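What follows is the residue order along each chain.
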Amino acid sequence: VDVLVVPFKYRPAQATLPSQLTTDFNGNLFLGYRIDRYVTDHYATPAGLKRRLRHRAISIGCFGGFGTTFVSPWTTGNQTTDEYNGFILSRGFAAMVGIRSLTLGVGIGWDYLADRDKDIWIYQNKPWYGLTVSLNLN
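Residues numbered from 1 in each chain as written. Predicted model: local features only at pLDDT ≥ 70, side-chain atom pairs only at ≥ 80, totals over all residues. Heavy atoms only, no water.

**Details of the nonpolar core**
Most often, soluble globular proteins keep nonpolar side chains buried together rather than apart.
Then, number 1: Listed in full, the eight residues of the largest apolar core are Leu17, Val71, Tyr84, Ile88, Leu113, Trp121, Ile122 and Tyr123.
Then, number 2: Excluding residues that lie within four positions of it along the chain, Leu17 makes contacts with Trp74, Thr75, Ile122 and Tyr123.
Then, number 3: If you look at the next biggest cluster of nonpolar residues, it comprises seven residues, including Val6, Phe63, Ala94 and Trp128. (Core = buried A, V, L, I, M, F, W, Y, C linked by side-chain atoms within 4.5 Å. Buried < 20%, exposed > 50% of the residue type's maximum accessible area, 1.4 Å probe, protein only. Contact = heavy atoms within 4.5 Å.)

Shown next as C-alpha cells:
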C-alpha cells in the first residue's frame, strides 16, 4: 500500500481539442505487488568498517483516488459557458521503479467527473497517461 500522486497527465486529443498535458492535483492509494532487492557492502576506512545499503524495487498494481480538473467550454464541446475546477474520481494501473523510499513510474488511468457536467465532459472515462510518484508506506 502506497500513497501515489500523478503530477503530470497526458490526455490524447478529443473532439476538436488537441492533446493536453495537465498538472491538476491528483492523490491516490496504490495497491499492488512489489519486489525489493537490497545489496549491502562493507568496506574498510581509516575510522573502521563502514556499511553501505543499496535498495531497488519494482512495483506493479492498481490505484484509485480523487483530484481536480479544469472544466470549461473547450473541455465540454462548447456545451457550457462556465469555467471551474471540477472534482474527479480516478482509477488506473501503474508500473514503477523504486530507489530507497521514493518510487517513480508510469500509469494509465481513467477519470470520472463527479458533478453536473459529467455527461458533456469530453474526457469522461477516457484514458490518460501519466508520471507517477509514490512514497512507500511499509
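**Overview of the pattern of salt bridges**
Then, number 1: Under the defined criterion, the tally for this structure stands at seven salt bridges.
Then, number 2: Its salt-bridge partner being Arg52, residue Asp41 comes within 3.4 Å of it at the nearest N-O pair. One end of the pair, Asp41, is in strand β3 (residues 26-45); the other, Arg52, is in strand β4 (residues 48-71), and 11 residues separate them in sequence.
Then, number 3: Between Asp82 and Arg116 there is a salt bridge whose closest N-O contact spans 2.2 Å. Taken as a pair, Asp82 in the loop between β4 and β5 (84-99) and Arg116 in the loop between β6 (102-113) and β7 (127-136) lie far apart in primary sequence, 34 residues in all.
Then, number 4: Through salt bridges with shared partners, a single network forms among Lys9, Arg11 and Asp111. (Salt bridge = Lys/Arg side-chain N within 4 Å of Asp/Glu carboxyl O. Helix = DSSP H or I, 4+ residues; strand = E, 2+ residues; numbered from the N terminus.)

**Details of the packing of aromatic side chains**
Then, number 1: For the structure on display, the rule yields five aromatic pairs.
Then, number 2: Between Phe25 and Phe66 the ring centres are 6.2 Å apart and the planes differ by 50 degrees, which places this aromatic pair in the tilted class. On the criterion of sequence distance, the pair formed by Phe25 in the loop between β2 (20-22) and β3 and Phe66 in strand β4 is long-range, its members being 41 residues apart.
Then, number 3: On the accessibility criterion, Phe66 (44% relative accessible area) is partly exposed.
Then, number 4: Seen in terms of ring centroids, Phe63 and Trp128 are 6.1 Å apart; in terms of plane orientation they differ by 40 degrees. Their pairing is tilted. (Phe/Tyr/Trp six-rings, centres within 6.5 Å; stacked < 30°, edge-to-face > 60°.)

**Re the environment of Ala114**
Then, number 1: Its location among the elements puts Ala114 in the loop between β6 and β7.
Then, number 2: Judged by its relative accessible area of 35%, Ala114 falls in the partly exposed class.
Then, number 3: Sequence-wise, Ala114 and Gln124 are 10 residues apart; in three dimensions their C-alpha atoms are separated by 9.6 Å.

**Some remarks on unusual backbone geometry**
Then, number 1: Even without being a glycine, Asn78 presents a positive backbone phi close to 60 degrees.
Then, number 2: Relative to the elements of secondary structure, Asn78 occurs in the loop between β4 and β5.
Then, number 3: Phi at Asn125 is positive, roughly 55 degrees, even though this residue is not glycine.
Then, number 4: Checked against the element boundaries, Asn125 lands in the loop between β6 and β7.
Then, number 5: Owing to a relative accessible area of 36%, Asn125 belongs among the partly exposed residues under this scheme.

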